[in-house]
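Take a look at the letters that make up each chain.
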Amino acid sequence: MKILYLSPEMHPYAKVGGLADVAGSLPAALADRGHEVVVVLPKYGGIDVDEFGIQPTDLSARFHLDGRPAGGRFWKAAPRPNLDVYFLEHHDYYAREGLYGGPGGDYPDNLQRFANWCRAALELARALDWPPDVLHANDWQSAPAVIYLKTLCAADPFFARTKALFTIHNMAYQGYFPKSLLPATGLPWDVFTMDGVEFYGDINLMKGGIMYADWISTVSRTYAREIQTPEFGCGLEGVLEFKKKRLSGILNGVDYSEWNPESDPHIAAQYSARDLAGKARCKAALQEEFDLEARANIPVLGMVARLVEQKGIDLVAAILPDLLSEHRIQLVVLGNGERHYQEILERLAAEYPHALGLRVGFDPPLAHRIEAGADMFLMPSRHEPCGLNQMYSLRYGTPPIVRKTGGLADTIVNYSPRTGKGNGFVFSKPEAAELGKAVRAALKLFAERKAWTAVMKNAMAADFSWDKSAVEYEKLYRQLAPEPAIKKATARKRKRP
Ligand code: ADP
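Reading guide: rules and limits
- Residues numbered from 1 in each chain as written.
- Predicted model: local features only at pLDDT ≥ 70, side-chain atom pairs only at ≥ 80, totals over all residues.
- Heavy atoms only, no water.
- Helix = DSSP H or I, 4+ residues; strand = E, 2+ residues; numbered from the N terminus.
- Rg over C-alpha atoms; globule rule 2.2 N^0.38 Å.
- Buried < 20%, exposed > 50% of the residue type's maximum accessible area, 1.4 Å probe, protein only.
- Disulfide = S-S within 2.5 Å.
- Near = heavy atom within 4 Å.
- Polar contact = N/O pair within 3.5 Å; in protein donor to acceptor, adjacent residues only side chain to side chain.
- Nonpolar A, V, L, I, M, F, W, Y, C, P; charged D, E, K, R; others polar.
- Domains from an automatic or database assignment.
- Pairing = 2+ DSSP bridges.
- Axes fitted to C-alpha atoms, helices over the stretch in contact; angles between N-to-C directions.
- Salt bridge = Lys/Arg side-chain N within 4 Å of Asp/Glu carboxyl O.
- Parallel < 35°, antiparallel > 145°, perpendicular 65-115°, else oblique.
- Left-handed = near helix turned anticlockwise from the far one by under 90°.
- Contact = heavy atoms within 4.5 Å.
- Expected span 1.5 Å × (residues − 1).
- Right-handed = clockwise from strand over helix to strand, strands pointing away.
- Phe/Tyr/Trp six-rings, centres within 6.5 Å; stacked < 30°, edge-to-face > 60°.

Quick look at the overall build of the protein
Assigned secondary structure in the protein consists of 18 helices and 20 strands. Here the C-alpha radius of gyration of the protein, 23 Å, is about what a compact globule of 497 residues would show, namely 23 Å. Dimensions of the protein, computed from C-alpha atoms along their principal axes, come out at roughly 65 × 60 × 45 Å. When burial is assessed residue by residue, the protein has 58% of its 497 residues classed as buried.

Some thoughts on the state of the cysteines
One pass over the structure, following the stated rule, counts 0 disulfides. Between Cys234, a free cysteine, and Cys386, which holds the nearest cysteine sulfur, the sulfur-to-sulfur gap is 17 Å.

Details of the site of the ligand
In the vicinity of the ligand there are 23 residues, among which Gly18, Asp21, Arg306, Lys311 and Gly361 approach most closely. Asp21 places a polar side-chain atom, nitrogen or oxygen, 2.8 Å from an oxygen atom of the ligand. A distance of 3.2 Å is found between an oxygen atom of the ligand and a backbone nitrogen or oxygen belonging to Asn389. Those elements that provide at least two residues to the shell around the ligand are helix 1 (18-32), strand 15 (300-307), strand 16 (330-337), helix 12 (364-373) and helix 13 (389-395). For the shell around the ligand, the class distribution of residues is 10 nonpolar, 7 polar and 6 charged. A domain split of the shell around the ligand shows at least three residues from each of domain 1 (2-253 + 466-495) and domain 2 (277-461).

Brief notes about the pairing of strand 4 (residues 68-80)
As judged from the 8 bridges shared by strand 3 (residues 55-65) and strand 4, these two strands associate in the antiparallel manner. Residue pairing across strands places Ser60 opposite Arg73, the latter belonging to strand 4. Here 6 bridges tie strand 4 to strand 5 (residues 83-89), and the two strands are oriented antiparallel to one another. When the sheet's bridge partners are listed, Ala77 is paired in strand 5 with Val85. Linking strand 4 back to strand 5 in an antiparallel pair, the connection comprises 2 residues, with Asn82 at a positive phi of about 75 degrees.

What about the sheet that holds strand 16?
Spatially, 17-16-15-18-19-20 is the arrangement adopted by the 6 strands of the open sheet, whose pairing is parallel. Two strands in the sheet have a free side with no partner beyond their single neighbour: strand 17 (356-360) and strand 20 (425-427). Within the sheet, the average angular offset between the axes of one strand and its neighbour, ignoring direction, is 20 degrees. Two elements, strand 19 (residues 400-403) and strand 20, share 3 bridges in a ladder whose sense is parallel. Paired with Ile401 across the two strands is Phe425, which belongs to strand 20.

Some thoughts on the pattern of salt bridges
With the rule as written, the count across this model stands at 21 salt bridges. The closest approach of N and O atoms between Asp214 and Lys150, which form a salt bridge, is 2.8 Å. Linking Asp214 in the loop between helix 5 (205-212) and strand 13 (215-218) with Lys150 in helix 4 (residues 139-150), this pair joins segments that are 64 residues apart in sequence. Judged by relative accessible area, which is 17%, Asp214 ranks as buried. Given a relative accessible area of 26%, Lys150 falls into the partly exposed group.

Notes on the packing of helix 9 (residues 277-289) against helix 12
Their axes nearest at 8 Å, the elements helix 9 and helix 12 cross at an angle of 125 degrees. The orientation of helix 9 relative to helix 12 falls into the category oblique. As for how helix 9 packs across helix 12, the hand of that crossing is left-handed. Contact with helix 9, carried on its side by Lys279, Cys282, Lys283, Leu286 and Glu289, involves Leu366, Arg369, Ile370, Glu371, Ala372 and Gly373 of helix 12 and no other residues of that element. Residues that form the contact of helix 9 with helix 12 fall into these classes: 5 nonpolar, 1 polar and 5 charged.

Points about the environment of Phe87
Locating Phe87 in the fold gives a position in strand 5. A relative accessible area of 0% means that Phe87 is categorised as buried. The sequence separation of Phe87 and Tyr13 amounts to 74 residues, and the corresponding C-alpha distance is 10.0 Å. Setting aside chain neighbours within four positions, we find Phe87 in contact with Tyr13, Leu41, Pro42, Lys43, Ile47, Ile54, Arg73, Phe74, Trp75, Lys76 and Ala77.

Looking at the domain arrangement of the protein
In terms of domains, the protein is made up of domain 1 (2-253 + 466-495) and domain 2 (277-461). In this structure, domain 1 and domain 2 have C-alpha centres spaced 33 Å apart. Each partner contributes to the interface: domain 1 provides 21 residues, whereas domain 2 provides 18 residues. Summed over the shared surface of domain 1 and domain 2, the result is 1 salt bridge. Here Glu231 makes a salt bridge to Arg403, at a shortest N to O gap of 3.8 Å. Of all the elements in the fold, those that place two or more residues in the side of domain 1 that touches domain 2 are helix 1, helix 6 (221-226) and helix 7 (230-233). Ranked by residues supplied to the side of domain 1 that touches domain 2, first place goes to helix 6 with 4 residues. Taken together, the residues of the side of domain 1 that touches domain 2 sort by class into 8 nonpolar, 8 polar and 5 charged.

Focus: helix 4
Taking 1.5 Å per residue, 12 residues should reach 16 Å; helix 4 reaches 17 Å between its end C-alpha atoms and fits that length. Counting buried positions along helix 4 gives 11 out of 12 residues, so the element sits mostly inside the fold. The complete set of buried residues in helix 4 reads Asp139, Trp140, Gln141, Ser142, Ala143, Pro144, Ala145, Val146, Ile147, Tyr148 and Leu149.

Details of the pairing of strand 2 (residues 36-42)
Extensive coverage of strand 2 is indicated by the burial of 6 of its 7 residues. With respect to chirality, the unit in which strand 1 (residues 2-6) leads through helix 1 into the neighbouring parallel strand 2 is right-handed.

Observations regarding the packing of aromatic side chains
Scanning the entire structure with this criterion turns up 17 aromatic pairs. Ring centres 5.0 Å apart and planes at 80 degrees place the aromatic pair Tyr13 and Phe52 in the edge-to-face group. In this pair, Tyr13 sits in the loop between strand 1 and helix 1 while Phe52 sits in the loop between strand 2 and strand 3, placing the two residues 39 residues apart along the sequence. Judged by its relative accessible area of 9%, Tyr13 falls in the buried class. Look at Phe446 and Trp452: their rings are 5.4 Å apart centre to centre, the planes differ by 75 degrees, and that puts the pair in the edge-to-face class.

Below you can see the structure in the form of structure tokens.
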């Protein structure tokens, strides 16, 4: 099939969070399964064209938005057979360091930036004479592509067969803009209704994506159910409930070529479930890196997260003083994001310099070293659509402590000393006391070497590779855009010797 895949971030080119990992893996897995995949990204200022062999092309998209010339020129990388990644160059919109904003907050022209990119992506398909079977749009930034497809391009024979799948990676970010900006998208006022992008008098792009898509998916089955409720729907629960017959959940996978302690180039020593010696070296190296006492019997808790409300940093801060008075533990945190959470962590790090190691910043190799060097991984998210870090920590033999929500609920099973089953530690309510209980259960088990090795091995045995998830997406694409009978017959004929 021909799949036009739109994501505002993609590993290894541009990353803020887990969406980049997904966009770095799923299109590649689909390409390996024989599909033709074209991904389009904005050419952000931080993308190093030389590092990734990104070349200029003579393709460009030219159109007007709000009476002004828009579009841009395309650059291209071809990282593997069947997969082309195009980068839309537009100096005013994308030649900035940040993807969505800078130190002062979100960029004020984000609507124009992402609308321009979406429109240009559809124009690219035309320029390539490559009508996609499926437009797969991810998160609010790519929602305008779905809306353009179903409005401005609705009568265009070129897109007659193209179906739109809209994937929600996080309901907490919906793309709200004032009504007055609608003309900047080039969309007609017809879309500004209750059945379209209008939401309490403003533009809500996430809502538009949901309303216009042929199918909506999200990144775990539990999250697909949760977002139909007020606690998780962030105001769109009613819309999602209304669309529930066209809504499903597919768990993200892990790129084990990137996240694997047997081959990870970023860690102090490689290791596997059969031979865990290297993990002890990774732990000692991590303790040294954070100026913490390098002792094997002190449990190290690790955390890598965007510093935002969702991630439960306040819960960790609330339990830390008591935990430290009861137990000899160390906590290592890597994160960046909101100043408020950064300050909470900085205060704690100043108060407990021998127990808390903190790095504020975005440092992917360090994320690997924490996964490998920590004994257990903290992920007390209030909501977590899928979550990748808990799956990474499983592979690194670093059992996660998680709240039972979204993808965490679908991947982590609470360890039971009685049955010996389970790959981590799970609590239910997003409350400090519950998190504290789960951490204490993990610490108790850590002291019993045999039981701890059992939970580590259970964790390392889990398999969340992309192959499974890619097959599920493939099924969904085929259900949306079945091959025409005539095409199928020719394909069958061609296969015969
Ligand atoms: P989310 O998408 O909500 O950020 P996920 O757990 O799905 O959460 O994915 C987070 C991804 O971003 C992981 O690959 C994680 O290692 C990475 N990450 C998050 N914060 C940082 C950071 N400060 N430095 C490096 N990598 C980070």
